[in-house]
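Here is what each chain is made of, one letter per residue.
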Amino acid sequence: MNLHLSDKVFLISGGAKGIGGAISRLIAEEGGIPVMIDPSEKEGYALVKEFGQIGAKSLHIQKRLQSPQDADEAVKVALAAFGRIDGVVNNAGANDSVGLENGSPEAFRKSVESNLGHYYDLVHYALPALKVSKGSIVNISSKTAITGQGNTSGYTAAKGGQLSLTREWAVELLPYGIRVNAVIPAEVMTPLYQKWLNTFPNPENKLGEISRRVPLERRMTKPEEIANMVVFLLSGRSAHTTGQHIFVDGGYTHLDRVV
Ligand code: NAP
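Residues numbered from 1 in each chain as written. Predicted model: local features only at pLDDT ≥ 70, side-chain atom pairs only at ≥ 80, totals over all residues. Heavy atoms only, no water.

If you look the chain up in an unreviewed UniProt entry, it shows as 2-keto-3-deoxy-L-fuconate dehydrogenase from Mariniradius saccharolyticus AK6. What UniProt records for the chain under Sequence similarities (unreviewed entry) is the sentence "Belongs to the short-chain dehydrogenases/reductases (SDR) family." (UniProt positions renumbered as here; feature names shortened; annotations may be inferred.)

Structure (structure tokens):
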């Protein structure tokens, strides 16, 4: 299937590693131009080099989105480089374990702000360009928004907020033909996930335990499997899909555990 992404420009927050890195790579392989907004210097540099070897243009904006100004600047840099924006993937985030008992009101607010604020900021500043291109927005949320996890109030509040904003923006942006969807992962092996696994006394055992809980094939989802859905949603091949919450999780969130 040709996704017709040639020369289209996509912003990906956290686009240099993990799920975001896989999304950037697939966009480049499909002929599009990934603009990776990510603080990771080494990984961003390596991806730009890798994409250049297959003749794909790309840009690494080495930045952590922490304030509205950061998002504004990133959008300006992308527009100065390529003159258009065809889609935004809000992906950057981290489960920072700020719970009711192990957190504080201040830490809760900080967690919500750092996981949710830049989802709004990036779309706000990219919107004029998205109106021109009739672009597509994909928000990466988390199964914890639906299932809860315990001891992570800030992260889950932000992830739930991302799902609400997906519906809200899908409605608000109907007049412009801009589509907005969310992709919801559960257990995906990424640098962040590996870091979390390493906090257990026996990471290998923990990984086996978690993998056995995934109904389909008893394995972790691959970052590339998330990317496949995201890039389809960015493309015109999903032209009549908007406001959807799509679970790419091997059945983790919804299927009966008895089988
Ligand atoms: P990851 O391996 O840490 O990759 C995320 C990348 O984003 C890193 O390079 C990170 O840089 C960067 N980043 C973090 N905060 C940023 C910010 N404010 N601005 C710009 N870049 C930022 O994470 P991942 O596992 O791929 O997760 C990606 C998304 O999927 C997150 O929203 C996460 O909540 C969601 N998710 C993941 C899983 C999973 O199982 N992995 C499950 C459910 C949902 P640093 O490393 O320097 O911080």
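Before going further, it helps to examine the overall build of the chain. Looking only at helices and strands, one finds nine helices and seven strands in the chain. Oriented by its inertia axes, the alpha-carbon framework of the chain measures out at about 50 × 40 × 35 Å. Burial status across the chain gives 49% buried among its 259 residues. Taking the contacts inside the chain whose residues are at least 6 apart along the sequence as the reference set, 72% of them involve residues at least 24 apart. Of the roughly 12700 Å² of accessible surface on the chain, a fraction of 54% belongs to carbon and sulfur atoms. (Helix = DSSP H or I, 4+ residues; strand = E, 2+ residues; numbered from the N terminus. Buried < 20%, exposed > 50% of the residue type's maximum accessible area, 1.4 Å probe, protein only. Contact = heavy atoms within 4.5 Å. Areas by Shrake-Rupley, 256 points an atom, 1.4 Å probe, with all protein chains shown as cover.)

Within this structure, the stated rule accounts for ten salt bridges. Between E50 and R25 there is a salt bridge whose closest N-O contact spans 2.6 Å. Note that E50 is positioned in helix α2 (residues 41-53) and R25 in helix α1 (residues 18-29), a separation of 25 residues in sequence. By relative accessible area, which is 28% here, R25 ends up partly exposed. The salt bridge involving K63 is made with D70; its shortest N-O contact spans 3.9 Å. A single burial state applies to K63 and to D70, both of which are buried. A single salt-bridge network, built from bridges that share partners, covers K63, D70 and E73. (Salt bridge = Lys/Arg side-chain N within 4 Å of Asp/Glu carboxyl O.)

If you check helix α4 (residues 105-133), its first and last C-alpha atoms are 41 Å apart, about what 29 residues at 1.5 Å a residue would give, namely 42 Å. Along α4, the sharpest kink reaches roughly 60°, centred on L127 and followed within four residues by the proline P128. Trailing α4 by a residue or two, K134 shows a phi angle of about 50°, which is positive. (Expected span 1.5 Å × (residues − 1). Bend = angle between axes of the 7 residues up to and from the residue.)

Strand order in this open sheet of seven strands is β3-β2-β1-β4-β5-β6-β7, and the pairing throughout is parallel. Two strands close off the open sheet at either side, each with one partner strand: β3 (59-61) and β7 (245-247). Put simply, the sheet's adjacent strands are angled 20° from each other on average, direction ignored. When strand β5 (residues 136-140) meets strand β6 (residues 179-184), the two strands line up parallel, connected through five bridges. When the bridges of β6 are listed, I137 appears paired with V180. Here helix α3 (residues 68-82) sits on the sheet in contact with β1 (9-13), β2 (33-37) and β3, set at roughly 155° to β3. Along the sheet face, helix α6 (residues 153-172) touches β4 (87-90), β5, β6 and β7 and points at about 155° away from the line of β6. (Pairing = 2+ DSSP bridges. Axes fitted to C-alpha atoms, helices over the stretch in contact; angles between N-to-C directions.)

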